[in-house]
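Per-entry structural report
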Amino acid sequence: MAKIVDNKELRCTKCSGRMLVDRVFLSYDHLEIYCLMCGKREMYNHPNNHGDVARWIMKVEKARAKITGNRI
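This is a predicted model, so every value here is computed, not measured.

Quick look at the sheet that holds strand β2 (residues 9-11)
In space, the 5 strands of this open sheet follow the order β1-β2-β3-β4-β5, with antiparallel pairing throughout. Edge positions in the sheet fall to β1 (3-5) and β5 (41-45), since each has one partner strand and no second. Neighbour to neighbour, the strand axes of the sheet diverge by 35° on average, direction disregarded. As paired strands, β2 and strand β3 (residues 18-21) are joined by 2 bridges and run antiparallel to one another. Bridge pairing in β3 places Leu-10 opposite Met-19.

What follows is the structure in structure tokens.
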């Protein structure tokens, strides 16, 4: 599971590398994140059911989508 650091970034629990959202596979009911350092991937189906980390990621991505004019 990824961990939120300072309420602004995700870190890998395996290697402490930075985790990014794979926006190719992002939708309202599916979310994928991956680590830049070790390649670890995490997938969430129906992110609202997966706890605080998945809900935080969706909140941040929805805010980004509003700014850039995209839809999630």
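Topic: the confidence of the model for the protein chain
A low pLDDT score tells you not to read the predicted coordinates there in detail. This prediction gives the protein chain a mean pLDDT of 83; 96% of its residues lie at or above 70. Between the elements of the protein chain, mean pLDDT differs from a low of 81, seen in β1, to a high of 89, seen in β2.

Details of the side chain of Glu-42
When you line up the elements, Glu-42 lands in strand β5. Taking relative accessible area as the criterion, Glu-42 reaches 9% and is therefore assigned buried. Side chain to side chain, Glu-42 and Lys-40 meet in a polar contact 3.5 Å long.

With respect to the nonpolar core
Where a protein is soluble and globular, its nonpolar side chains tend to be buried together. By size, the foremost hydrophobic cluster in this structure holds 15 residues, and its most contacted members are Leu-10, Met-19, Leu-31, Ile-33 and Ile-57. Of all the secondary structure elements, the ones that give two or more residues to this core are β3, β4 (30-35) and α1 (52-68). Examining the composition of this core, we find that 5 residues originate from one element, α1, more than from any other. Setting aside residues no more than four positions away along its own chain, Ile-57 makes contact with Leu-10, Val-21, Leu-31 and Ile-33.

Describing unusual backbone geometry
When glycine is set aside, most residues are seen to have a negative phi, and most peptide bonds are trans. Of note, Ser-16 is a non-glycine position whose phi angle comes to about 65°, a positive value. By the secondary structure assignment, Ser-16 is in the loop between β2 and β3. Of the residues examined, Ser-16 reaches a relative accessible area of 43% and is grouped as partly exposed.

Details of the pairing of β5
Residues Glu-42 and Tyr-44 of β5 are buried on one face, while the alternating residues Arg-41, Met-43 and Asn-45, pointing to the opposite face, are not. Note: β4 against β5, 5 bridges, orientation antiparallel. Bridge pairing links Tyr-34 to Arg-41 in β5. Linking two consecutive strands that pair antiparallel, namely β4 and β5, is a turn of 5 residues; a positive phi of about 85° is found at Gly-39 within it.

Parameters at a glance
Residues numbered from 1 in each chain as written. Predicted model: local features only at pLDDT ≥ 70, side-chain atom pairs only at ≥ 80, totals over all residues. Heavy atoms only, no water. Pairing = 2+ DSSP bridges. Helix = DSSP H or I, 4+ residues; strand = E, 2+ residues; numbered from the N terminus. Axes fitted to C-alpha atoms, helices over the stretch in contact; angles between N-to-C directions. pLDDT = per-residue confidence, 0-100. Buried < 20%, exposed > 50% of the residue type's maximum accessible area, 1.4 Å probe, protein only. Polar contact = N/O pair within 3.5 Å; in protein donor to acceptor, adjacent residues only side chain to side chain. Core = buried A, V, L, I, M, F, W, Y, C linked by side-chain atoms within 4.5 Å. Contact = heavy atoms within 4.5 Å.

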